[in-house]
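Below are the chains, spelled out letter by letter.
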Amino acid sequence: MSVIDELLQNNERYAREFDKGDLPAPPSRRVAIVACMDARLDIHRILGLEEGEAHVIRNAGGVITEDAIRSLLISQRMLGTEEVMLIHHTGCGMTSFRDDEARAEIERETGIRPPFVLEAFGDPEDDVRQSIRRLQASPFIPRKDAIRGFVYEVETGRLREVS
């Protein structure tokens, strides 16, 4: 059995007990979280969130890209979120390579250079600061007074605020 087939079986069990169909689309806590896609980060458990309480936007590194800004624009302007929480983490794979070298290697292997940047970074705290600056500079993000960034320590389970 494939992993996807196992996950579908898990969904069948979940659906049998499902009782949250009446949750509204806007998140009740009015917060959007941008986090790394790393499988070690269970955002709902880390923050004690329940279904329907927050928007969770994930990508490699948790970086603020055009697509993250697109999602945050919709989250704030159409669905009423007011706070933004950024979560990077220790031991992130995005610190293990450099964009130019990786893109050149991909081009050698495929014959096509990726048209997008990979957004690798050397230090998660520095990239949290960069991500905050990108949000502050974006004309598309209307609520900028409650943007905060953190580094999750995979070794301890704690969040450390980045100043």
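Residues numbered from 1 in each chain as written. Predicted model: local features only at pLDDT ≥ 70, side-chain atom pairs only at ≥ 80, totals over all residues. Heavy atoms only, no water.

Draft legend 1. Representation of the layout of surface pockets in the model. Each pocket or cavity is described by its volume, and for the largest pocket that value is around 220 Å³. Arg29, Val31, Ile33, Leu47, Leu49, Glu83, Val84, Met85, Ala146, Arg148 and Phe150 together form the lining of the largest pocket. For the lining of the largest pocket, the elements supplying multiple residues, two or more each, are strand E1 (31-36), strand E3 (83-89) and strand E4 (147-152). Within the lining of the largest pocket, the residues separate by chemical class into 8 nonpolar, no polar and 3 charged. Considered as a void within the structure, the second largest pocket measures approximately 150 Å³ in volume. Forming the boundary of the second largest pocket are Asn59, Ala60, Val63, Thr65, Met94, Phe116, Val117, Leu118 and Glu119. (1 Å grid on protein atoms, 1.4 Å probe; cavity = no way out; pocket = protein on both sides within 12 Å on 5 of 7 lines; lining within 4 Å. Points joined across faces, edges and corners; volume = space filled by probe spheres on them. Helix = DSSP H or I, 4+ residues; strand = E, 2+ residues; numbered from the N terminus. Nonpolar A, V, L, I, M, F, W, Y, C, P; charged D, E, K, R; others polar.)

Draft legend 2. Looking closely at the side chain of Asp38. By the element assignment, Asp38 lies in the loop between E1 and helix H2 (43-47). According to the relative accessible area criterion, Asp38 is buried, its value standing at 16%. Ignoring sequence-local partners within four residues, the contact set of Asp38 consists of Arg58 and His89. (Buried < 20%, exposed > 50% of the residue type's maximum accessible area, 1.4 Å probe, protein only. Contact = heavy atoms within 4.5 Å.)

Draft legend 3. Highlighting the packing of aromatic side chains. Applying the stated criterion across every chain yields a total of 1 aromatic pair. A centroid spacing of 5.5 Å and a plane angle of 55° characterise the contact between Tyr14 and Phe18, whose relative ring orientation is tilted. Residue classification places Tyr14 among the partly exposed residues on the basis of a relative accessible area of 39%. Residue Phe18 is classed as partly exposed on the basis of its relative accessible area of 43%. (Phe/Tyr/Trp six-rings, centres within 6.5 Å; stacked < 30°, edge-to-face > 60°.)

Draft legend 4. Unusual backbone geometry, seen in detail. We note that Arg30 has phi near 55°; this positive angle belongs to a residue other than glycine. When you line up the elements, Arg30 lands in the loop between helix H1 (3-16) and E1. Given the relative accessible area of 38%, Arg30 is considered partly exposed. With phi around 70°, Glu119 is a residue other than glycine that occupies positive phi space. As for its placement among the helices and strands, Glu119 is situated in the loop between helix H4 (99-110) and helix H5 (124-137). Given the relative accessible area of 16%, Glu119 is considered buried.

Draft legend 5. Highlighting the pattern of salt bridges. This model, assessed by the stated rule, comprises 11 salt bridges. Residues Glu153 and Arg160 are paired through a salt bridge, measuring 2.5 Å at the closest nitrogen-oxygen approach. The exposure class assigned to Glu153 is buried, which follows from its relative accessible area of 18%. What makes Arg160 partly exposed here is its relative accessible area of 29%. Beyond isolated ion pairs, a larger network of salt bridges with shared partners links Glu125, Asp126, Arg129, Glu153 and Arg160. (Salt bridge = Lys/Arg side-chain N within 4 Å of Asp/Glu carboxyl O.)

Draft legend 6. Broad picture of H4. The first and last C-alpha atoms of H4 sit 16 Å apart over 12 residues, in line with the 16 Å expected at 1.5 Å per residue. Among all positions in H4, only Asp99, Ala102 and Arg103 are buried. Down the axis of H4, the smallest arc covering the buried residues is 95°, so these residues share one side. The exposed residues of H4 that point more than 90 degrees off its buried face are Asp100, Glu101 and Arg108. Downstream of H4 by one or two residues, Gly111 has phi in the positive range, about 85°. (Expected span 1.5 Å × (residues − 1). Arc of directions from axis to C-beta.)

Draft legend 7. Representation of the pairing of E1 in the model. Taken across its 6 residues, E1 has 6 buried, putting it largely inside the fold. As defined by bridge partners, E1 adjoins strand E2 (residues 54-59) across 6 bridges and the pair is classed as parallel. Bridge pairing links Ile33 to Val56 in E2. With 5 bridges connecting them, E1 and E3 associate as parallel partners. Following the sheet pairing, Ile33 is matched in E3 by Met85. (Pairing = 2+ DSSP bridges.)

Shape descriptors only; they carry no functional weight alone.
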